[in-house]
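# Remarks on the overall topology
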Amino acid sequence: MSDHAVRRLRLVVSHVALYLVAAAFVSPLVYMLATSLKPADEVFGSPPSLLGSLFRWQNYSEAFEYLPFGRFVLNGLAVAICGTLVVLVASSMSAYAFSRLRWRGRDGVFLVFLATLMIPQEVLVVPMFMLMRWFGWVDSFQALIFPWAFTAFGTFMLRQFFLTIPEEMSESARIDGAGAVRVFTSIMLPLIRPALAVLAVFTFINFWNSFMWPLIIINSVDEKATVPLGLQLFFGQQGTQWNLVMAASVISMAPTAALLIILQKHLVRGIATSGFGGR
């Protein structure tokens, strides 16, 4: 077999493997979308079928009527957007301080800060709850946002991206009379927009999909629950209407999908010029 034939065979095999992996990931989404459009009595029909006898678009409106799901979506959007903004501001400022500003003990403090990534979230739940109770923030939106908004992941990611920017750019700005704040806002932030987009997507998804912490800290479920808690309420003692659950699940995926589409260009640039290498 010639080298050209071997390369072609490898290309075909790799494409087939990619298609199989893609099908494995997409098939649950296809099943969820198809089930969300089925009548309730055909979800577990026999023989099983992917599509129902008709497309019942009313499932989506009934999902909002069955529970105050619209309020859950608005709560989730408010928490995710506010939390993402806080993370972007805090992470960019701390990353700039750890990468560009020179101060005593900087590297040691950064190592301690980075070590917090090794602490599981489950370990922090009890002390974090006690701290929120001390602040009087139990059953509040502040408790959903601020405890997890100051993490080391975003700081580490943006710091590594800052380190890829030549030092000469900030030095030339300082020669022209720009201070540290002006260098940060006018020069550094525009250069790390791809990294900010990547961090924004990761952070938004984490806040949007958070379940354990809202389950612990929120008591007024009907008023302050986010989408994961709202989906849990569909599983009641009177049974589960799976077509409505699937419709609500499709709705819950819409904001993250829209965010990925909007920031797609910046995400590609951020991944292609990944700042994890440093120097």
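Anything mentioned here points back to the structure above.
This is a predicted model, so every value here is computed, not measured.

Tallying each qualifying case throughout the model produces 2 salt bridges. In this structure, arginine 56 engages glutamate 62 in a salt bridge whose closest nitrogen and oxygen atoms are separated by 3.0 Å. Given a relative accessible area of 23%, arginine 56 falls into the partly exposed group. In this structure, arginine 106 and aspartate 107 form a salt bridge, with 3.5 Å as the shortest nitrogen-oxygen distance. A relative accessible area of 15% means that arginine 106 is categorised as buried. When its relative accessible area of 48% is taken as the criterion, aspartate 107 is described as partly exposed.

With that out of the way, let us pick up the packing of aromatic side chains. If you walk through the whole model with that rule in mind, you get 16 aromatic pairs. An aromatic cluster is defined as three or more aromatic residues linked by ring pairs; in this entry it consists of Phe64, Tyr66, Phe69, Phe72 and Phe234. Taking the ring centre of phenylalanine 110 as reference, the NZ or CZ of arginine 159 above it sits at 4.3 Å.

A word on unusual backbone geometry. Non-glycine residue aspartate 139 carries a positive phi angle of around 65 degrees. Residue placement: aspartate 139 occurs in the loop between helix H5 (121–135) and helix H6 (141–145). Since its relative accessible area comes to 14%, aspartate 139 is described here as buried.

Moving on, we get to the layout of surface pockets. Size it by volume and the largest pocket reaches roughly 720 Å³. As for the largest pocket, its lining consists of 29 residues, and the residues nearest its centre are Gln121, Pro147, Trp148, Thr151 and Asn206. Listed by contribution, the elements that provide at least two residues to the lining of the largest pocket are helix H3 (69–99), H5, helix H7 (152–163), helix H10 (193–209) and helix H11 (212–217). Counting residues per element, the lining of the largest pocket draws most heavily on H10, which supplies 5 residues. Here the lining of the largest pocket is composed, by residue class, of 21 nonpolar, 8 polar and no charged.

On to the environment of glutamate 167. Counting through the fold element by element, glutamate 167 comes out in helix H8 (residues 167–175). Overall, the relative accessible area of 22% leaves glutamate 167 in the partly exposed class. Sequence-wise, glutamate 167 and glycine 105 are 62 residues apart; in three dimensions their C-alpha atoms are separated by 21 Å.

Analysis parameters
- Residues numbered from 1 in each chain as written.
- Predicted model: local features only at pLDDT ≥ 70, side-chain atom pairs only at ≥ 80, totals over all residues.
- Heavy atoms only, no water.
- Salt bridge = Lys/Arg side-chain N within 4 Å of Asp/Glu carboxyl O.
- Buried < 20%, exposed > 50% of the residue type's maximum accessible area, 1.4 Å probe, protein only.
- Phe/Tyr/Trp six-rings, centres within 6.5 Å; stacked < 30°, edge-to-face > 60°.
- Lys NZ or Arg CZ within 6 Å of the ring centre and 35° of its normal.
- Helix = DSSP H or I, 4+ residues; strand = E, 2+ residues; numbered from the N terminus.
- 1 Å grid on protein atoms, 1.4 Å probe; cavity = no way out; pocket = protein on both sides within 12 Å on 5 of 7 lines; lining within 4 Å.
- Points joined across faces, edges and corners; volume = space filled by probe spheres on them.
- Nonpolar A, V, L, I, M, F, W, Y, C, P; charged D, E, K, R; others polar.

So far we have only geometry, and geometry alone does not tell us how the molecule works.
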